Amino acid sequence: QVRLIESGGGLVQAGGSLRLSCAASGRAFGGFSYYNWAWFRQVPGKEREFVALVNWSGSTTDYADSVKGRFFISRDKASNTVSLQMNSLNAEDTAVYYCARAPRASRDSGDYGYWGQGTQVTVSS
């Protein structure tokens, strides 16, 4: 059973920072290195939105235009963890953030077969 567990969400003032983590466990996480990892976010009434991804080797990252230069995704093979450093947060970043795993690097949420339960990020203005 593959499990992804996000943590690090919370309430922060505009301009502040948060660091989200996604811990992966379960079968096939000896294969952690062979998957692509992403963060998505969702607000009520809207579709899940791509935020950032890192490819299986860590050599490639991709970011939504709305977060480019403010958010940074990273992966740690030793701990099977994917992180999202979020800086200069604003009210539009308020959402539930999800980490996900896919066999290929993609911005399409439909390509991701495993998802965490989500962590709430609220930015007060």
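Residues numbered from 1 in each chain as written. Predicted model: local features only at pLDDT ≥ 70, side-chain atom pairs only at ≥ 80, totals over all residues. Heavy atoms only, no water.

1. A closer look at the packing of aromatic side chains
Throughout the structure, instances matching the rule amount to six aromatic pairs. Taking the centre distance of 5.8 Å and the plane angle of 75 degrees together, the rings of F40 and F50 count as edge-to-face. Separated by ten residues along the polypeptide, F40 in strand 4 (residues 36-42) and F50 in strand 5 (residues 49-54) bring together distant segments of the chain. Accessibility assignment for this pair places F40 and F50 in one class, buried. Geometrically, the ring pair formed by Y98 and W115 is edge-to-face, given 6.4 Å between the ring centres and 80 degrees between the ring planes. (Phe/Tyr/Trp six-rings, centres within 6.5 Å; stacked < 30°, edge-to-face > 60°. Helix = DSSP H or I, 4+ residues; strand = E, 2+ residues; numbered from the N terminus. Buried < 20%, exposed > 50% of the residue type's maximum accessible area, 1.4 Å probe, protein only.)

2. Let's talk about the sheet that holds strand 8 (residues 81-86)
Strand order across the open sheet formed by four strands is 1-3-8-7, with antiparallel pairing between neighbours. Edge positions in the open sheet fall to strand 1 (3-7) and strand 7 (71-76), since each of these has one partner strand only. Taking each pair of neighbouring strands and ignoring which way they run, the sheet shows an average axis angle of 15 degrees. (Pairing = 2+ DSSP bridges. Axes fitted to C-alpha atoms, helices over the stretch in contact; angles between N-to-C directions.)

3. With respect to the state of the cysteines
Here the structure, examined in full by the defined rule, presents one disulfide. At a sulfur-sulfur separation of 1.9 Å, the disulfide partner of C22 is C99. On the sign convention where negative means left-handed, the S-S torsion of about 50 degrees between C22 and C99 marks this disulfide as right-handed. Remark: C99 occurs in strand 9 (residues 95-102) and C22 occurs in strand 3 (residues 18-25); sequence separation between them is 77 residues. (Disulfide = S-S within 2.5 Å.)

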